[in-house]
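Take a look at the letters that make up each chain.
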Amino acid sequence: QVQLVESGGGLVQAGGSLRLSCAASGSIFSINAMDWYRQAPGKERELVATITSGGSTGYADSVKGRFTISRDNAKNTVYLQMNSLKSEDTAVYYCHADKVYFTRLRYLEVWGQGTLVTVSS
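Residues numbered from 1 in each chain as written. Predicted model: local features only at pLDDT ≥ 70, side-chain atom pairs only at ≥ 80, totals over all residues. Heavy atoms only, no water.

Attention now moves to the sheet that holds strand 1 (residues 3-7). To summarise the sheet geometry, strands pair through backbone hydrogen bonds and adopt either a parallel or an antiparallel arrangement. Taken in spatial order, the four strands make up an open sheet running 1-3-9-8, and their pairing is antiparallel. Here the strands that pair on one side only, and so sit at the sheet edges, are strand 1 and strand 8 (67-72). Averaged over neighbouring strand pairs, the angle between their axes works out to 15 degrees when direction is ignored. Two strands pair when backbone bridges link them, and strand 1 and strand 3 (residues 18-25) are joined in this way by five bridges, in the antiparallel orientation. Bridge pairing links Q3 to S25 in strand 3. (Pairing = 2+ DSSP bridges. Helix = DSSP H or I, 4+ residues; strand = E, 2+ residues; numbered from the N terminus. Axes fitted to C-alpha atoms, helices over the stretch in contact; angles between N-to-C directions.)

If you want it as structure tokens, here you go:
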């Protein structure tokens, strides 16, 4: 079974930094784009950042200049470096991969379990 294993969430003060990691585990042939989403209490899940297999990135306006998404294809891992954190960044962060190929021709959409980031002020 293919799954995304997240780590790095926790409590941090406003202005601080945190790095999230999400590693795809299982029998994996390749992974296309990987994303980070977040969901705050009472709000809908929103896309935070995305990165293609080739390294092209995109960000939500609210995190541009503060967050950086990156990936290590050899490790099947995606990272989210979060700097200058604000209280409004508090949310459960989820990693997502729309197409995790476990054979040349077959793939699954996979969501991580979520990791809580709490920014205090």
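What follows picks up the thread again.
Residues W36, V48, F67, V78, L80, M82 and Y93 are the most contacted members of the largest nonpolar core, which totals 31 residues. Of all the elements in the fold, those that place two or more residues in this core are strand 3, strand 5 (34-39), strand 6 (46-51), strand 8, strand 9 (77-82), strand 10 (91-101) and strand 12 (115-120). The element that contributes the greatest number of residues to this core is strand 10, accounting for five residues. When sequence neighbours within four positions are dropped, the list of residues in contact with M82 reads G16, S17, L18, L20, R66, F67, Y93 and V117. (Core = buried A, V, L, I, M, F, W, Y, C linked by side-chain atoms within 4.5 Å. Buried < 20%, exposed > 50% of the residue type's maximum accessible area, 1.4 Å probe, protein only. Contact = heavy atoms within 4.5 Å.)

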